[in-house]
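# Close look at the chain arrangement
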Amino acid sequence: AFRARLSAAGVDTSGWGVDGTKSVEHLYWETHYQRGCIIIEVPGGVKRVTRIIKINLVAEIHGLDHMLFSRKQLIHHGKAVEQLRVPLRKLTWANESPEHLQQAGQALFSETCGLTDSWESGWRTVLQERLGLSQEWQDEHLQVDPDSYSFAVESVTKSDGFPGLDTTNCVHEISLRVRDPMHPSAQPIGLPEGQEFVTSEGEFNFSSQQDDGGVVVGTQLNVWAWLRDAVGRSDTSSSTNSA
């Protein structure tokens, strides 16, 4: 029924799940299990809507500011993707009926939309889920730049993840700084030397929503790197086009 709905809306999914694209099963998981996106009806078809929190995490390494990026992602179908991405996460949509979400109209795209968890709690969840940093660790070792917050609505007509499916990303962005990179508790994220490190999202060995290869949908390994030249030029489009 889900695939048929996409087809009826004019979305060609025949090329999904190959050459680095995501599968229909992944979109179903993202919509109904993760609740990281919604699919709404628009004139001429359907649109995928996400609300994203994006973090610029900065630390001083050898006297110079560096920013943290995932430089390589091993995603659930086993393909390695080399793309610079800052820590980010889709905010979780409320468990409302499709009819209720459809009726929300332009409120879905507003900065203060109340139909997902808040971006303020979302950035803490990003760091806990993506980097394994507890809220206690965050409180002790991170400083929020209060002037760094921004919000933008980004329309993607050529999605890397789901070709042919129009997507609108509503992106909250904030910058954080590691207070003391020399602190021993900062070693798990490659400090103070700026070493690369690896984290996993999801589990690769339990029974859950799976793709045709038997791998759990939504799992991902990240190789993280501290990059000096990237500070101050975070690229929203490249970070979220495949989100």
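This text gives an overview of the structure that appears in the document. (Residues numbered from 1 in each chain as written. Predicted model: local features only at pLDDT ≥ 70, side-chain atom pairs only at ≥ 80, totals over all residues. Heavy atoms only, no water.)

### Here's the deal with the packing of aromatic side chains
Any pair of aromatic rings gets described here by the distance separating the centres and the angle formed by the planes. Scanning the model with the defined rule gives five aromatic pairs in all. Relative to Y149, the ring of W119 lies with its centre 4.4 Å away and its plane at 20°, an arrangement referred to as stacked. Here Y149 lies in the loop between β6 (142-144) and β7 (150-156) and W119 lies in helix α4 (residues 119-131), a separation of 30 residues in the sequence. You can call W119 buried: its relative accessible area is 19%. The partly exposed category is assigned to Y149, whose relative accessible area is 24%. Taken together, the ring pairs connect F2, Y28 and Y33 into an aromatic cluster. (Phe/Tyr/Trp six-rings, centres within 6.5 Å; stacked < 30°, edge-to-face > 60°. Helix = DSSP H or I, 4+ residues; strand = E, 2+ residues; numbered from the N terminus. Buried < 20%, exposed > 50% of the residue type's maximum accessible area, 1.4 Å probe, protein only.)

### Focus on the nonpolar core
By size, the foremost hydrophobic cluster in this structure holds 24 residues, and its most contacted members are I55, L57, W123, L127, L131, L191 and W226. Among the elements of the structure, β2 (45-61), α4, β8 (167-178) and β10 (220-227) are those that each provide at least two residues to this core. Once you skip the residues sitting within four places of it in the chain, L131 turns out to touch L57, L68, V126, F197, T199 and W224. L6, V24, L27 and F162 belong to the second largest nonpolar core, which has 12 residues in total. (Core = buried A, V, L, I, M, F, W, Y, C linked by side-chain atoms within 4.5 Å. Contact = heavy atoms within 4.5 Å.)

### A few points about the state of the cysteines
This model, assessed by the stated rule, comprises zero disulfides. C113 provides the cysteine sulfur closest to C170, a residue in no disulfide bond, and the two sulfurs are 7.7 Å apart. Its relative accessible area of 0% is what places C170 among the buried residues. (Disulfide = S-S within 2.5 Å.)

### Overview of α4
Along its 13 residues, α4 runs 17 Å from first to last C-alpha, staying within 8% of the 18 Å computed at 1.5 Å per residue. Every buried residue belonging to α4 is among W119, G122, W123, V126, L127, R130 and L131, and all of these are buried. Where α4 terminates, the next one or two residues include G132, which has phi positive at roughly 75°. (Expected span 1.5 Å × (residues − 1).)

### Here we look at the pairing of strand β9 (residues 197-201)
Residues of β9 alternate between two faces, with F197, T199 and E201 buried on one and V198 and S200 left unburied on the opposite face. When β9 meets β10, the two strands line up antiparallel, connected through five bridges. Paired with V198 across the bridge in β10 is V223. (Pairing = 2+ DSSP bridges.)

### What about the pattern of salt bridges?
Across all of its chains, the model carries 11 salt bridges by this definition. For the salt bridge of R89 with D117, the shortest nitrogen-to-oxygen distance reads 3.3 Å. Of this pair, R89 sits in strand β5 (residues 88-90) while D117 sits in the loop between α3 (98-103) and α4, placing them 28 residues apart in sequence. Ionic contacts of the salt-bridge type, sharing partners, join the residues R89, D117, E129 and R130 into one network. (Salt bridge = Lys/Arg side-chain N within 4 Å of Asp/Glu carboxyl O.)

### Section: helix α2 (residues 24-32)
Residues V24, H26, L27, W29, E30 and T31 constitute the buried set of α2. Residues of α2 that are buried make contact with α1 (2-8), β1 (38-42), β2 and β5.

### Structural notes on the pairing of β2
A large share of β2 lies buried, amounting to 16 of its 17 residues. Where β1 meets β2, five bridges bridge the pair, whose relative direction is antiparallel. Bridging from a neighbouring strand, I39 pairs with R48 of β2. Hairpin connection from β1 to β2: two residues lie between these consecutive antiparallel strands, with G44 at a positive phi of about 90°. Bridging between β2 and β8 involves 11 bridges; their strand directions are parallel. Within β8, the residue paired with N56 across the bridge is S175. Summarising the sheet, β2 and β5 pair through three bridges and their orientation is antiparallel. Bridged to I53 within β5 is R89.

Just distances and angles here, no functional claims.
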